[in-house]
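Here are the chains, one letter per residue:
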Amino acid sequence: MLRFPGHGRPQPDDIVIGPLDLPSHVDEALAVQAVAFGLGPDEVAVRRQIVLRHMTFPGARAFGATVAGRLVGFVYGMPNDRTHWWSTVVEPYLRAQGTDTWLDDSFVITELHVHPAHQNRGAGRALITTITDSATEPRSILSAIDTESPARGLYRSLGYQDLARQVLFPSAPKPYAVMGAPLPLHRR
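Reading guide: rules and limits
All chains use their own residue numbering, which begins from 1 and follows the written sequence. Where totals are concerned, whole chains, interfaces and linings use all residues; where local detail is concerned, this predicted model gives features only for residues with pLDDT of at least 70, and gives and counts side-chain atom pairs only at 80 or more. Side-chain numbers here rest on the full set of heavy atoms in the structure, without hydrogens or water. To qualify as a helix, a DSSP run of H or I must reach at least 4 residues; to qualify as a strand, a run of E must reach at least 2; elements of each kind are numbered from the N terminus. In this description the radius of gyration comes from C-alpha coordinates, and the expected globular size is given by 2.2 Å times residues to the power 0.38. Working definition: with a 1.4 Å probe on protein chains only, accessible area under 20% of the residue-type maximum means buried, over 50% means exposed, and in between means partly exposed. Method for areas: the Shrake-Rupley scheme with a 1.4 Å probe, in which residue coverage is limited to the protein chains shown. Taking the helix axis as origin, the arc is that swept by the directions to the C-beta atoms. Any pair of residues with heavy atoms lying within 4.5 Å of one another is described as a contacting pair. Only strands joined by at least two bridges in the DSSP assignment are considered to pair. When a carboxyl oxygen of Asp or Glu lies within 4 Å of a side-chain nitrogen of Lys or Arg, that pair is called a salt bridge. N or O atoms within 3.5 Å of each other form a polar contact, as long as, within protein, one can give a hydrogen and the other can take it, and as long as residues adjacent in sequence are counted only when both atoms are side-chain atoms.

So, on to the overall build of the chain. Secondary structure summary: the chain contains five helices and eight strands in total. Going from N to C terminus, the chain has its helices and strands arranged as β-β-α-α-β-β-α-β-α-β-α-β-β. Rg of the C-alpha trace for the chain: 16 Å, near the compact-globule value of 16 Å for 188 residues, within the 12% margin. Across its three principal directions, the C-alpha atoms of the chain cover 50 × 40 × 35 Å. Across the 188 residues in the chain, those meeting the buried criterion constitute 47%. Only carbon and sulfur atoms are counted for the fraction: they give 56% of the accessible area of the chain, which is about 9,500 Å².

Printed below as a string of structure tokens:
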């Protein structure tokens, strides 16, 4: 069962969604990402530095999904800034599609991962809706591997639409899609 702190009676296998001090739990979060996304130790080391740097940006925040106190999923994001690396990479692709205005006044979902053993229980949906519910920006953007996947299906069900496809990030082996949605996200 999915539960938010202070709501309902706790059960041992509940997935609890709440704020996450990501810098203090970066290694736990990256362990989840490594399993969910298939990352090796070298990539985890690089991402650790990126996450810690991102969490110093104004407006950056994170939420976690825990089971019995153990982190099984997380999301983090921040207000988008065109000077950030991600924006500089995706901007030409968005401009070519006439959608580059999405980079302005948007909340970017930087990472969202749920351990495979805890997927398909609503944790990813709860994490992304919780973090965007507190956004002051009128829309949200993100990037996802450009294949038909459960993640892309989730994003579409929340109102995200493709803004650009076949986006190539340096050193990424697969192309990505950039997606955007007006806030608040759709609810089922």
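The next point concerns helix α5 (residues 150-157). Buried residues of α5: R152, L154 and Y155, and no others. Projection of α5 onto a plane perpendicular to its axis shows the buried side chains occupying an angular sector of 155°, all on one side. Buried residues belonging to α5 abut β5 (106-114), α4 (123-133), β6 (139-145), β7 (161-167) and β8 (176-182). Count one or two residues on from α5 and you reach G159, which has phi positive near 110°.

The buried fraction of strand β4 (residues 70-79) amounts to eight of the 10 residues, a majority that puts the element mostly inside the structure. Pairing analysis gives seven bridges linking strand β3 (residues 61-67) to β4, with the strands arranged antiparallel. Paired with G64 across the bridge in β4 is F74. Hairpin connection of β3 to β4: two residues between the antiparallel strands, including A68 at a positive phi of 50°. As judged from the seven bridges shared by β4 and β5, these two strands associate in the antiparallel manner. Within β5, the position partnered with M78 by the bridge is V108.

Counted under the stated rule, the structure contains 14 salt bridges. For D27, the salt bridge identified is with R48, shortest N-O distance 2.7 Å. Of this pair, D27 sits in helix α1 (residues 26-37) while R48 sits in helix α2 (residues 41-54); the two residues are 21 residues apart in sequence, bridging distant segments of the chain. Owing to a relative accessible area of 29%, R48 belongs among the partly exposed residues under this scheme. Within the structure, one salt-bridge network assembled from shared partners comprises D146, E148, R152, R156, D162 and R165.

Position of R47 relative to the elements: it lies in helix α2. Its relative accessible area of 16% is what places R47 among the buried residues. Within polar-contact distance, the side chain of R47 engages the side chain of E43 at 2.7 Å. Contact partners of R47, with chain neighbours within four places excluded, come to L30, Q33, F37, L39 and E111.

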